[in-house]
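# Commentary on secondary and tertiary structure
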Amino acid sequence: MSQDNLMEKIVSLCKRRGFIFQSSEIYGGLGSVWDYGPLGVELKRNVKDAWWKAMVHGRDDMVGLDAGILMHPKTWKASGHTENFSDILVDCKTCKKRFRKDHVGDTCPECGAKDFTEGRAFNLMMKTYLGAVEDENSLSYLRPETAQGIFVNFANVVDTMHKRLPFGVAQIGKSFRNEITPGNFVFRTREFEQMEIEYFTQPEDADKMYEEWIAERYRWYLDLGIKKETLRLRPHAQDELAHYAKGCTDIEYLFPFGWSELEGIANRTDYDLKQHAKHSGKNLQYKDPVSGQEFYPFIIEPSGGVDRATLAFLTDAYCEEQVNDATRVVLKFSKHLAPIKVAVLPLLKKNAELVTMARRLKGDLSKIFTTVYDDTASIGKLYRRQDEVGTFFCVTVDVDSLTDHQVTVRHRDTMKQDRISIEHVKEYLGQQFSTNNS
Ligand SMILES: [Zn+2]
């Protein structure tokens, strides 16, 4: 299976099975914006829930936050985005196409000419205007990262939650960047979702915390089923670092289009709080409750992309297997990420008694597992459909079920079938989920 081909197969499966659609498709589509369909929204939500559960609820030193997408414009002056968050663009003088300077050599990839304009800075923040008047005073931006919402709330969190160093604030939310060359499906888009942590620590502990967070975040992807050979750490070279950063390491995944960044973990030093203190005139130092000493904490930032993680989990789960001369496509999601846990399938949709039994079972299982009911095709087709979306178990109700009160439970990965008494199905499935470690 060639890697190019794999990407096409995943994009096609995503559309065919309701994971990801092109935005505004009926109008010809909107470039590099994607809509998550009925199964995509479940998958993406499971990714975010797994992150929140492990990073916030699973730790004593973390709290959550949900800041606004719109922020005071001074935020972006303080963060340096107004001045520095830009790409250098050049225009081809022959075909008039525009490119990122660092993406073209001396030859135009479109027409082959070698005559470009001088480079010009193009800010990637998306502009908008607040209120009824569109002028410089109402100019604002859609946030290009969620991190700043955490920095500006640092004092609020310390004052209200009585947190002592070290502690972190986690946030999941949308960000916007007017990328010139987005691409690779949901990997690089102009509207995207981030999962970010800002971890505040004593300056002398920052190096240790940085290493701990790299290990913790690397483990998170493995725990959710990503194969070890498709995941690697890439420490940034000195000349790649932002001027204030002391270190940065990317977690990269081997996508069909090559190794690419899923998440970056950075030691941002005390730069962010100092910048916001300077621009706001507020004292954003941390006061140690024991020693009374005041200082700026260092910040370790694990910053990941929800859409990138979702695409990595989709890619890693994709399997093709030969079963009796036919190819079986299966998404082997971990139990935490599978959008549907159980599908209840009646063998005869015209048998009212059987349908009633299957519907009742579906209702009962839904209280515990994400469960669907489907009777719109033959059983062979229904199995294939559920395999393709990664459903963990199919429970089939057949004519015999009416007399022996048993149903057939089919396991996704092994296709093994067990006959289980209908009163014990819920318990049986619960056991299977708790003993399955992936
Ligand atoms: Zn050209």
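Residues numbered from 1 in each chain as written. Predicted model: local features only at pLDDT ≥ 70, side-chain atom pairs only at ≥ 80, totals over all residues.

### A look at the overall build of the chain
To keep it simple, the criterion reads: Think of it this way: any DSSP run of H or I at least four residues long counts as a helix, any run of E at least two long counts as a strand, and we number them from the N terminus. Exposure classes come from backbone-placed C-beta atoms, where a residue is buried if 20 or more other C-beta atoms lie within 10 Å of its own, exposed if 12 or fewer do, and partly exposed in between. Each residue gets a C-beta atom placed from its backbone, and two residues are in contact if those atoms lie within 7 Å.
Across its full length, the chain holds 13 helices and 23 strands. If you line up the chain on its principal axes, its C-alpha atoms span 75 × 70 × 50 Å. The buried share among the 438 residues of the chain stands at 31%. Counted over contacts in the chain with a minimum sequence separation of 6, partners at least 24 positions apart contribute 63%.

### Focus on the nonpolar core
In globular proteins that are soluble, nonpolar side chains generally tend to be buried together. As a reminder of what qualifies: A set of buried residues qualifies as a nonpolar core if it consists of Ala, Val, Leu, Ile, Met, Phe, Trp, Tyr and Cys joined through C-beta atoms within 7 Å. Domain start and end points were adopted from an automatic or database domain assignment.
If you look at the biggest cluster of nonpolar residues, it comprises 76 residues, and the most contacted ones within it are Phe 313, Val 342, Val 344 and Val 395. Here this core spans two domains, since at least three of its residues come from each of domain 1 (3-72 + 141-314) and domain 2 (340-435). Phe 313 has contacts with Val 47, Leu 224, Phe 333 and Leu 337, leaving out every residue within four places of it along the chain.

### Structural notes on the environment of Asn 123
Counting through the fold element by element, Asn 123 comes out in strand 6 (residues 120-123). Linking Asn 123 and Asp 87, residues 36 residues apart in sequence, is a C-alpha distance of 6.6 Å. When near neighbours in sequence (up to four residues on either side) are disregarded, Asn 123 contacts Phe 85 and Ser 86.

### Side note on the sheet that holds strand 11 (residues 231-235)
Stated formally: DSSP calls a pair of strands paired once it identifies at least 2 bridges connecting them. Only C-alpha atoms enter the line fits that serve as axes; for helices the fit covers just the stretch in contact. Angles between N-to-C directions range over 0 to 180 degrees.
The seven strands lie next to each other as 3-9-10-16-13-12-11, forming an open sheet whose pairing is mixed. At either margin of the open sheet sits one strand with a lone partner, and together these are strand 3 (62-64) and strand 11. Pairs of neighbouring strands in the sheet enclose a mean axial angle of 25°, with direction left out of account.

### Section: the sheet that holds strand 4 (residues 86-91)
In space, the three strands of this open sheet follow the order 5-4-6, with antiparallel pairing throughout. Bordering the open sheet on either side are strand 5 (98-100) and strand 6, each of which pairs with just one other strand. Pairs of neighbouring strands in the sheet enclose a mean axial angle of 45°, with direction left out of account. In terms of strand pairing, strand 4 meets strand 6 through four bridges, oriented antiparallel. Its bridge partner lying in strand 6, Asp 87 is registered against Phe 122.

### Structural notes on the packing of helix 2 (residues 38-57) against helix 9 (residues 306-317)
Heads up, the condition is: Working definition: roughly parallel below 35 degrees, roughly antiparallel above 145 degrees, roughly perpendicular at 65 to 115 degrees, and oblique for all remaining angles. Two helices crossing with the near one rotated counterclockwise from the far one by less than a right angle form a left-handed crossing, whereas a clockwise rotation gives a right-handed crossing.
Close contact between helix 2 and helix 9 brings their axes to 10 Å; oriented N to C, the two are set at 110°. The angle between helix 2 and helix 9 places the two elements in the roughly perpendicular class. For the pair helix 2 and helix 9, the crossing hand works out as right-handed. Of the residues in helix 9, those in contact with Leu 43, Lys 44, Val 47 and Lys 48 of helix 2 are Val 306, Ala 309, Thr 310 and Phe 313.

### Let's talk about unusual backbone geometry
Apart from glycine, the bulk of residues carry a negative phi angle, and the bulk of peptide bonds sit in the trans form. Of the consecutive residues Leu 165 and Pro 166, the connecting peptide bond is found in the cis state with omega at -10°. Here Pro 166 lies in the loop between helix 6 (154-161) and strand 9 (167-176). Here Asn 324, not a glycine, exhibits a phi torsion of approximately 45°, which is positive. Inspection of the secondary structure assignment puts Asn 324 in the loop between strand 17 (318-323) and strand 18 (326-331). The exposure class of Asn 324 is exposed, given the 5 C-beta atoms found within 10 Å. One non-glycine residue, Met 415, adopts positive backbone phi at about 60°. Checked against the element boundaries, Met 415 lands in the loop between strand 22 (406-411) and strand 23 (417-421).

### Looking at the pairing of strand 17
Summarising burial for strand 17: zero of the six residues are buried, a small minority. In terms of strand pairing, strand 17 meets strand 18 through six bridges, oriented antiparallel. In the sheet register, Glu 321 faces strand 18, and the bridge partner there is Arg 328. Between strand 17 and strand 18, which follow one another and run antiparallel, lie two residues, and Asn 324 among them has a positive phi close to 45°.

### Some points on the environment of Lys 48
Position of Lys 48 among the secondary structure elements: in helix 2. Lys 48 gets classed as partly exposed once you count the C-beta atoms within 10 Å, which come to 16. Remark: the alpha-carbon pair of Lys 48 and Met 195, spanning 147 residues in sequence, is separated by 7.8 Å. Here Lys 48 is in contact with Ile 172, Met 195 and Val 306, once residues within four sequence places are set aside.

### Structural notes on the environment of Glu 83
Here Glu 83 shows up in helix 4 (residues 81-84). The class of Glu 83 is exposed, set by 11 C-beta atoms lying within 10 Å. Through-space distance from the C-alpha of Glu 83 to that of Ala 121 is 9.8 Å; in sequence the pair is 38 residues apart.

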